[in-house]
2 protein chains.
Amino acid sequence: MAGGIGSRFWPMSRPERPKQFIDVLGVGRTLLQLTVDRFGKDFAPENTWVVTSAAYADMVAEQLPDVPRENILCEPCMRNTAPCIAYVAWKIFAKHPNASLVVTPADHFVVDQEEFRRVVSEGLNFVCGTSNVLTLGMSPTRPDTGYGYIQSAHKASGNVLAVGAFKEKPVLEVAQKYLAEGGYFWNAGIFLWDVRTAVDAIRKFEPEVAELMDAMATSFYTSAEKDTVANLFPKCKNISIDYAVMERLAGHAETLGGRESGVYVLPANFGWSDLGTWGSLHTQLSKDDGGNAVSGSGEVVFVESHDCVVRAVGGKKMVLQGLEGYIVAEDNNTLLVCKKQDEQRIKQFSELLKK
Amino acid sequence: MAGGIGSRFWPMSRPERPKQFIDVLGVGRTLLQLTVDRFGKDFAPENTWVVTSAAYADMVAEQLPDVPRENILCEPCMRNTAPCIAYVAWKIFAKHPNASLVVTPADHFVVDQEEFRRVVSEGLNFVCGTSNVLTLGMSPTRPDTGYGYIQSAHKASGNVLAVGAFKEKPVLEVAQKYLAEGGYFWNAGIFLWDVRTAVDAIRKFEPEVAELMDAMATSFYTSAEKDTVANLFPKCKNISIDYAVMERLAGHAETLGGRESGVYVLPANFGWSDLGTWGSLHTQLSKDDGGNAVSGSGEVVFVESHDCVVRAVGGKKMVLQGLEGYIVAEDNNTLLVCKKQDEQRIKQFSELLKK
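Pairing within the open sheet is mixed, and its six strands lie in the order 13(A)-15(A)-17(A)-18(A)-16(B)-14(B). Across the chains shown, the open sheet's two edge strands, defined by having one partner strand only, are strand 13 (293-295) of chain A together with strand 14 (299-303) of chain B. Across the sheet, the axes of successive neighbouring strands diverge by a mean angle of 10 degrees, strand direction being ignored. The pairing of strand 13 of chain A with strand 15 (residues 309-312) of chain A spans three bridges and is parallel. Within strand 15 of chain A, the position partnered with Ala293(A) by the bridge is Val309(A).

Right, here's the structure in full:
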């Protein structure tokens, strides 16, 4: 899923070029490219699909030249993750009804690639040929209040646990309680299921979306697809896959397509970050002796500064003196300087400038 | 005098476009233009001369279209203010031996234009037809350690006082003593004298410079001037007019060109600033409720920030949050963020970046 517009990383990430299309870590690959690379050893390019906004399709094609252009699906407008997943599931089901899918965001980072492959492999083995839905649960390393948590229930098979409930982003005390109790995992938004299961789940829980998908599907793989999608996709309700499917499957027995179904969690520990905050970016970047980190191609000199995270592009030169714990981000002829502790207000800051 | 390269205002002022050629105050006129404007009601354009580096001659001509091109003198290299003043004095003396001159830097600012005109008029009346040298002394408003001071002696005539001594930039305690005692003035580098006096003074105190000027003068106002100047000017010693003439005249009787001579000071209070520091620029710019000031064409929003001075060009947008007393200057693809209290180290900061 590569359609997001990433407002929290303004001015680095902005509607013209959101976060997934940027080499934020300075490793020579954008986050989208790193995501595809991560699966590259186990999934052929022709089995890689990207759903994105129509506005970004060319950028996706440019960054992923090995992915067949017909595997890049364009949403004419944003309708959240359920219609997004439904679209690609209906497309794949039409040609590969027995396929299993890994659904993933395009702007996360994983440190331990080998462990990631092992977990994905174990997860696919669990779902393949069943109507089960599996989500990967990140072992929490701190009481982070920025993530939803997955509360696990009984053991299912191997390392897989049943999901007891999906919990909203908690306040700090609750997050601390989750960590103290154990059995809670961060929801990374990564799902594994057979494509048939995805289709059955949408059909069961969001029949209007399914109806629109059926109508769209009559023109799939023809020259009429683009117009039909442009016409019908916007009629979909705006809903996340979490609300549409995951939460409705959690904590009780259910059937899908005539078979037993449930939602499960596979705990994982592969050094995952959603890079959702400047703080998390700061954590991933390499740092100087003062704890300062730089993303981008600029030349940045720190003088009597500590614990700063800086984004500098286009060979921008910077001298930063006397700053303790700031974000300094320059991009698109816009400079942001703010305290790291106030980064959750960045979206508000961006709205202070005239459009 | 418009040849300086202004390293203290990096990255705004830099060798390619130093401070005097910049509209730092955002008033629609560069500091050079403001300087010429200041004299405009009393001095005709054909009596306005600018000495600058050869590299800046076109920029001067562009910014001062009414000044005759032949009045823009090019130094092939920097030799400080004595050779600079000697060059223009010899040029003017060749055609207008009875002229009186006001010699001034091109990058200062004056608030009270009318008072300025009155002081200049009084000063010219004092020196005209004599061999006296007059400097304007700025009434000190604080114990500033960034200026040389003029210690006055006895009254001469009208508001003019004799100069007792020129004092180097003092440490704070000494500056405080000057203010407490009274009779001390900031040296603004503005001199008034008859051109004949300037020539006589150089001839007396720097005979080698005078000899080079005499040799250059044989080709003045001919097509050979440029080459002759390029050949001979660099042979001049590098010395300021202060050391060469002013200090040698201070505190005792002297004769120049057979007449009594001395150096005098006319105290003045016309809201002068040398704009020599970001701090002084901050003082001159209009400020928001938080005491923040912006120079340039950028769009700058301050959030929970106070007492900052910002330079933003080219429509740069900025959001600055949580900054107390910083300089934020972006120009020439370079960003400087430093504490105002550390601005005297800006030249060092600029040297930290690769050339």
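Our focus in this paragraph is the pairing of strand 14 (residues 299-303) of chain A. When you tally the buried positions in strand 14 of chain A, you get five out of five residues, the bulk of the element. Side chains of strand 14 of chain A alternate between two faces, with Glu299(A), Val301(A) and Val303(A) and Val300(A) and Phe302(A) buried alike.

Okay, the interface of chain A and chain B next. Each partner contributes to the interface: chain A provides 31 residues, whereas chain B provides 31 residues. In this assembly, chain A packs against chain B so that about 2,700 Å² is buried in total across both faces, 54% of it on carbon and sulfur atoms. Broken down residue by residue, the surface that chain A buries against chain B is led by Val319(A), Gln321(A) and Leu335(A), which jointly contribute 24%. If you look at where chain A meets chain B, you find four salt bridges. With a shortest N-O distance of 2.6 Å, Glu304(B) and Arg345(A) are connected by a salt bridge. Scanning the region where chain A abuts chain B turns up 26 residue pairs in polar contact (both at pLDDT 80 or more). Of all the secondary-structure elements, those providing two or more residues to the side of chain A that touches chain B are strand 14, strand 16 (317-321), strand 17 (326-331) and strand 18 (334-339) of chain A. Tallying contributions element by element places strand 18 of chain A first for the side of chain A that touches chain B, with six residues. Of the residues that constitute the side of chain A that touches chain B, the class distribution is 16 nonpolar, six polar and nine charged.

As a further point, take the side chain of Thr35(A). All names here are of chain A. With respect to the element layout, Thr35 can be found in helix 1 (residues 31-39). In this structure Thr35 comes out as buried when scored by relative accessible area, which is 5%. At 3.2 Å, the side chain of Thr35 forms a polar contact with the backbone oxygen of Ala106. Once you skip the residues sitting within four places of it in the chain, Thr35 turns out to touch Thr104, Pro105, Ala106, Asp107 and His108.

Another aspect to go through is unusual backbone geometry. Residue and element names in this part refer to chain A. In this model, Trp10 is joined to Pro11 through a cis peptide bond whose omega is 0 degrees. Note that Pro11 resides in the segment before helix 1. Of note, Glu304 is a non-glycine position whose phi angle comes to about 50 degrees, a positive value. Among the secondary structure elements, Glu304 is positioned in the loop between strand 14 and strand 15.

Another point: the packing of aromatic side chains. Each aromatic ring pair is summarised here by two numbers: the centre-to-centre distance and the angle between the ring planes. Under the definition given, this model contains 26 aromatic pairs over all chains. Taken together, a centroid distance of 6.3 Å and an interplanar angle of 50 degrees make the contact between Trp186(A) and Trp272(A) tilted. Of this pair, Trp186(A) sits in strand 8 (residues 184-194) while Trp272(A) sits in strand 12 (residues 272-273), and the two are 86 residues apart along the sequence. Overall, Trp186(A) belongs to the buried group, its relative accessible area being 3%. Ring geometry for Phe39(B) against Phe116(B): centres 5.2 Å apart, planes inclined by 80 degrees, an arrangement best described as edge-to-face. With Phe39(B) in helix 1 (residues 31-39) and Phe116(B) in helix 4 (residues 113-127), this pair connects stretches of sequence that are 77 residues apart. For Phe39(B), a relative accessible area of 12% corresponds to the buried category. Here the aromatic residues Phe39(A), Phe43(A), Phe116(A) and Phe270(A) are joined through ring pairs into a cluster of three or more. Just above the ring of Phe116(A) sits the side chain of Arg38(A); from NZ or CZ to the centre is 5.8 Å. Lying across the ring of Tyr221(A), Lys95(A) places its NZ or CZ 4.3 Å from the centre.

This part is about the environment of Thr52(A). Within the fold, Thr52(A) resides in strand 1 (residues 50-53). Taking the C-alpha atoms as reference, Thr52(A) lies 24 Å from Gln113(A); in sequence the two are 61 residues apart.

Before going further, it helps to spend a moment on the relation of the copies chain A and chain B. Note that the two copies of the chain are related through a rotation about an axis and a translation along the same axis. Superposing chain A onto chain B takes a rotation of 180 degrees combined with a translation of 0.2 Å along the rotation axis, leaving an RMSD of 0.1 Å. Look at the turn and shift together and you get a two-fold axis relating the two. Taking the C-alpha atom as reference, chain A places Leu323(A) closest to the rotation axis, 4.4 Å from it. Counting the interface residues of chain A, we find that 100% of their copies in chain B are interface residues as well, pointing to one common contact surface.

Moving on, we get to the pattern of salt bridges. Residue and element names in this part refer to chain A. For the structure shown, the criterion picks out 44 salt bridges over all chains. The salt bridge partner of Asp58 is Arg69, with a shortest N-O separation of 3.1 Å. Highlighted residues: Asp58 in helix 2 (residues 57-63) and Arg69 in the loop between helix 2 and strand 2 (72-75), separated in sequence by eleven residues. Classification of Asp58 as exposed rests on a relative accessible area of 54%. Its relative accessible area of 44% is what places Arg69 among the partly exposed residues. Beyond isolated ion pairs, a larger network of salt bridges with shared partners links Lys41, Asp42, Glu114 and Arg117.

With mixed pairing, six strands are arranged side by side in an open sheet as 14(A)-16(A)-18(B)-17(B)-15(B)-13(B). The outermost strands of the open sheet, each flanked by one partner alone, are strand 14 of chain A together with strand 13 (293-295) of chain B. In this sheet, neighbouring strand axes are inclined to one another by 10 degrees on average, regardless of whether the strands run parallel or antiparallel. As paired strands, strand 14 of chain A and strand 16 of chain A are joined by five bridges and run parallel to one another. Counterpart to Val300(A) in the pairing with strand 16 of chain A is Met318(A).

In this section: the packing of helix 6 (residues 195-205) of chain B against helix 7 (residues 207-217) of chain B. Residue and element names in this part refer to chain B. Contact pair helix 6 / helix 7: the axes reach a minimum separation of 5 Å and the direction vectors enclose 125 degrees. Accordingly, the angle class assigned to the pair helix 6 and helix 7 is oblique. In this structure, helix 6 contributes Ile202, Arg203, Lys204 and Phe205 to the contact, and helix 7 contributes Pro207, Val209, Ala210 and Asp214.

This part is about the packing of helix 7 of chain B against helix 8 (residues 225-232) of chain B. Residue and element names in this part refer to chain B. Contact geometry for helix 7 and helix 8: axes closest at 9 Å, N-to-C directions at 160 degrees. Accordingly, the angle class assigned to the pair helix 7 and helix 8 is roughly antiparallel. Judged by the sense of rotation from one axis to the other, the crossing of helix 7 with helix 8 is right-handed. Residues Leu212, Ala215 and Met216 of helix 7 pack against Thr228, Val229 and Leu232 of helix 8. By residue class, the composition of the contact of helix 7 with helix 8 is five nonpolar, one polar and no charged.

Cut-off values and rules
- Residues numbered from 1 in each chain as written.
- Chains lettered and ligands numbered in written order.
- Predicted model: local features only at pLDDT ≥ 70, side-chain atom pairs only at ≥ 80, totals over all residues.
- Heavy atoms only, no water.
- Pairing = 2+ DSSP bridges.
- Helix = DSSP H or I, 4+ residues; strand = E, 2+ residues; numbered from the N terminus.
- Axes fitted to C-alpha atoms, helices over the stretch in contact; angles between N-to-C directions.
- Buried < 20%, exposed > 50% of the residue type's maximum accessible area, 1.4 Å probe, protein only.
- Contact = heavy atoms within 4.5 Å.
- Buried area = accessible area lost by both parts, 1.4 Å probe.
- Salt bridge = Lys/Arg side-chain N within 4 Å of Asp/Glu carboxyl O.
- Polar contact = N/O pair within 3.5 Å; in protein donor to acceptor, adjacent residues only side chain to side chain.
- Nonpolar A, V, L, I, M, F, W, Y, C, P; charged D, E, K, R; others polar.
- Phe/Tyr/Trp six-rings, centres within 6.5 Å; stacked < 30°, edge-to-face > 60°.
- Lys NZ or Arg CZ within 6 Å of the ring centre and 35° of its normal.
- Least-squares fit on C-alpha atoms with pLDDT ≥ 70 in both.
- Parallel < 35°, antiparallel > 145°, perpendicular 65-115°, else oblique.
- Left-handed = near helix turned anticlockwise from the far one by under 90°.

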